[in-house]
Amino acid sequence: MKYPDLPYNAVLCRYNEIATKGHNRRQFENRLVGGVQRVLRALGKLRVAREAGRIYIQPPEGVDTFSVADLAEIRRRLPVVTGLASASPGFLVAPELTAMEQAVDAGFEAVYQAVAATVPEGEPVTYRMRANRADKAFPLSGTKLEIHFAERLVPRHDRLAVNLKQAALTVELDVRHVRAFVCFERISGPGGLPEGTGGRVLALLSGGIDSPVACYQMMRRGCRVDYVTFHSSPYTPPALIAKVAKLAEILNDFQGGGRLFAVNLLPAQKQIRDICRSRFRTVLYRRFMVRVANRIAEETRAKALLTGDNLGQVASQTLANMSVIDAASDRMILRPLVAADKQDTVAVAERIGTMAVSCESVPDSCTVFAPDDPCTSSTVRRLEAEEAQLDVPALVEACLEQAVRIDLATLDEYPWR
Ligand code: ATP
Ligand code: MG
């Protein structure tokens, strides 16, 4: 349903988890506000009012209300702000009954019309108010306020019927010591923790379905994610990097500014193909990816790597093989999807908008020289024996020499460090 564009003067930002952070709370709130400011840059420098545990975003200095265009931007952009549980545009008014009545009256009619249009003819339009009286000095209790407004509104509309359990139209009224807030809609956010509170990670981003979702999961825990992708040019086409850049751009909506590095793995892959036993190839490739990624992580100050690995999905994702891959990494490897069901991962990919891009069919690096008989239970000892036939440090250097940073908008290549 499209809510009407009312002349709101504030957006209330709700959060769940950061409320539990004790003395860090202020810092977490600042990050949350930073996230909101980032996505609403187009609206100008927003004012932030912090009142008794509430965060209100208000229009820039000298502007009283949000415009229709502003509201469209607010509704479109706030769902990507991590840490935000939900947000409501509404009326921030003096904590007096007449001011609250004016605010409710200013919005109710238009909201009622919009909601009524979605309810079949002849059926009641269910309504409830949720009043919260945080300021106990206010003379009317929450319940009394709810009754007061029901008595005001119901007689004015034939179809309006109070239903406290399930209502098509909910008016929220929050009465605080300094001000009161009235709203009619809630915009859902991703929840989790605000951007920048969780530290930096470097994601191994392929063109598949899983790794973009893994990135999103860690962003939702407040991590800043940079990306590295491996290709095998000229065996893989330039379209592969374009595809991964598109994914990175979609993901950056949730954080802004994540950098994409692209590395040609071919020098290592060729040697592995020529010298090592084919059944260990996939795990050997992965160990090289992880080594190269650790070097880039040094540069980006990432504290951990991140992959879309999912237990048992393919040969390289058995417990045995994942631990052999871990053994080649100086940094912890985060695998948020290790226990995920594919259908849940797909649902997230659709929700965040990466699914359609992931489904574009472009050959990826791992399918080049992939063995027919991948081993599912390698050991560090066996892998080290294979790698003893290679000059591992030189191959890592050879890959890094060809590494670049990709500009997501233009696909131009820049030095990676
Ligand atoms: P995805 O859908 O993320 O590609 P997948 O199920 O296809 O995952 P694999 O291809 O085995 O699984 O890859 C496991 C993980 O290894 C990926 O999620 C990704 O993090 C990393 N990875 C694989 N190939 C690449 C690549 N070419 N570049 C960067 N990372 C890669
Ligand atoms: Mg893959």
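The rules behind each value
- Residues numbered from 1 in each chain as written.
- Chains lettered and ligands numbered in written order.
- Predicted model: local features only at pLDDT ≥ 70, side-chain atom pairs only at ≥ 80, totals over all residues.
- Heavy atoms only, no water.
- Pairing = 2+ DSSP bridges.
- Helix = DSSP H or I, 4+ residues; strand = E, 2+ residues; numbered from the N terminus.
- Axes fitted to C-alpha atoms, helices over the stretch in contact; angles between N-to-C directions.
- Expected span 1.5 Å × (residues − 1).
- Bend = angle between axes of the 7 residues up to and from the residue.
- Buried < 20%, exposed > 50% of the residue type's maximum accessible area, 1.4 Å probe, protein only.
- Contact = heavy atoms within 4.5 Å.
- Phe/Tyr/Trp six-rings, centres within 6.5 Å; stacked < 30°, edge-to-face > 60°.
- Lys NZ or Arg CZ within 6 Å of the ring centre and 35° of its normal.
- Domains from an automatic or database assignment.
- Buried area = accessible area lost by both parts, 1.4 Å probe.
- Salt bridge = Lys/Arg side-chain N within 4 Å of Asp/Glu carboxyl O.
- Polar contact = N/O pair within 3.5 Å; in protein donor to acceptor, adjacent residues only side chain to side chain.
- Nonpolar A, V, L, I, M, F, W, Y, C, P; charged D, E, K, R; others polar.
- Near = heavy atom within 4 Å.
- Areas by Shrake-Rupley, 256 points an atom, 1.4 Å probe, with all protein chains shown as cover.
- 1 Å grid on protein atoms, 1.4 Å probe; cavity = no way out; pocket = protein on both sides within 12 Å on 5 of 7 lines; lining within 4 Å.
- Points joined across faces, edges and corners; volume = space filled by probe spheres on them.
- Parallel < 35°, antiparallel > 145°, perpendicular 65-115°, else oblique.
- Left-handed = near helix turned anticlockwise from the far one by under 90°.

Asks: Break down the sheet that holds strand β11 (residues 224-231) for me, with residues and values.
Replies: Spatial strand order, β14-β13-β10-β11-β12-β15-β16: seven strands in an open sheet with mixed pairing. Pairing within the sheet leaves two strands with one partner each, and these edge strands are β14 (332-334) and β16 (413-415). Each strand of the sheet is rotated relative to its neighbour by a mean of 35°, with strand direction disregarded. Examined bridge by bridge, β11 and strand β12 (residues 260-264) share five bridges and lie parallel to one another. Its bridge partner lying in β12, V228 is registered against F261.

Asks: Go over helix α3 (residues 97-116), please, and point to the residues and values.
Replies: For α3, spanning 20 residues, the distance from its first C-alpha to its last is 27 Å, which sits close to the expected 28 Å at 1.5 Å a residue. Where α3 bends most, the angle comes to about 35°, and this point is F108. Among the residues making up α3, those that are buried are A99, M100, E101, A103, V104, G107, F108, V111, Y112, A114, V115 and A116. Buried residues belonging to α3 abut β4 (86-93), β5 (125-133), α4 (142-153), β6 (160-162), β7 (169-175) and β8 (180-183).

Asks: Report on the packing of aromatic side chains, specifying residues and quantitative values.
Replies: Counted under the stated rule, the structure contains five aromatic pairs. Each ring, one from F108 and one from Y127, has its centre 5.7 Å from the other, and the planes form 80°; the classification is edge-to-face. Here the residue F108 occupies a position in helix α3, and Y127 occupies one in strand β5, the gap between them amounting to 19 residues. Like Y127, F108 is buried. Taken together, the ring pairs in this structure connect F108, Y112 and Y127 into an aromatic cluster. The ring of F280 has R279 lying over it, and the distance from NZ or CZ to the ring centre is 5.4 Å. Above the face of the F288 ring, R291 is positioned so that its terminal group lies 5.3 Å from the ring centre.

Asks: Summarise the domain arrangement of the chain; cite the residues concerned and give the values.
Replies: Frequently, the measure chosen for interface size is the accessible area that the parts lose on association. When its domains are assigned, the chain resolves into domain 1 (10-188) and domain 2 (200-415). Domain 1 and domain 2 are separated by 43 Å when their C-alpha centres are compared. Taken residue by residue, the interface counts seven residues in domain 1 and eight residues in domain 2. Of the roughly 580 Å² buried at the junction of domain 1 and domain 2 (both faces included), carbon and sulfur atoms supply 40%. Together, R38, V80 and T82 form the three largest contributors to the area buried by domain 1 at its contact with domain 2, with a combined 70%. Notably, a salt bridge pairs D253 with R77, separated by 3.4 Å at the nearest N-O pair. Scanning the region where domain 1 abuts domain 2 turns up three residue pairs in polar contact (both at pLDDT 80 or more). Of the residues in the side of domain 1 that touches domain 2, the class split is three nonpolar, one polar and three charged.

Asks: Please give an account of the side chain of S329 that cites residues and values.
Replies: Position of S329 among the secondary structure elements: in the loop between α9 (319-326) and β14. Residue S329 is classed as buried on the basis of its relative accessible area of 13%. Here N294 takes part through its side chain, which lies 2.9 Å from a polar atom of the side chain of S329. Looking at S329, its side chain comes within polar contact range of the main-chain oxygen of R331, at 2.6 Å. Those residues in contact with S329 that sit more than four places away from it in its chain are V290, N294 and L305.

Asks: I'd like to hear about the site of ligand 1, residue by residue, with values.
Replies: Lining the immediate environment of ligand 1, one finds 21 residues, of which L204, S206, S211, Q313 and Q317 sit closest. The separation between an oxygen atom of ligand 1 and a polar main-chain atom of I209 is 2.9 Å. With respect to ligand 1, the backbone of S211 contributes an N or O atom lying 2.6 Å from an oxygen atom. Within the complex, 91% of the 580 Å² of free accessible area of ligand 1 lies under protein. For the shell around ligand 1, a count of residues per class yields eight nonpolar, 10 polar and three charged.

Asks: Quick rundown of the side chain of D309? Include the residues and the values.
Replies: Along the chain, D309 falls in the loop between β13 (304-306) and α9. Sequence-distant contacts of D309, defined by excluding residues within four places in its chain, comprise Q317, M322, R335, L337 and V338.

Asks: Give me the lowdown on the layout of surface pockets, citing residues and values where you can.
Replies: Gaps left between atoms are located by rolling a probe of water-molecule size over the structure's atoms. The volume enclosed by the second largest pocket comes to roughly 240 Å³. L12, R14, R54, D174 and R186 are, among the 18 residues lining the second largest pocket, the residues nearest its centre. Elements that contribute at least two residues to the lining of the second largest pocket include exactly β1 (10-14), β3 (54-58), β5, β7 and β8. Residue composition of the lining of the second largest pocket, grouped by class: eight nonpolar, three polar and seven charged.

Asks: Tell me what's going on with the packing of helix α7 (residues 266-275) against helix α8 (residues 281-300), and back it up with residues and numbers.
Replies: It is at 10 Å that the axes of α7 and α8 come closest, and there the two elements cross at 150°. It follows from the interaxial angle that α7 and α8 lie roughly antiparallel. In the crossing of α7 with α8, the sense of the turn from one axis to the other is right-handed. For the pair α7 and α8, the contacting residues are A268, Q269, I272 and R273 in the first and R281, L284, Y285 and F288 in the second. Considering only residue class, the contact of α7 with α8 consists of five nonpolar, one polar and two charged.

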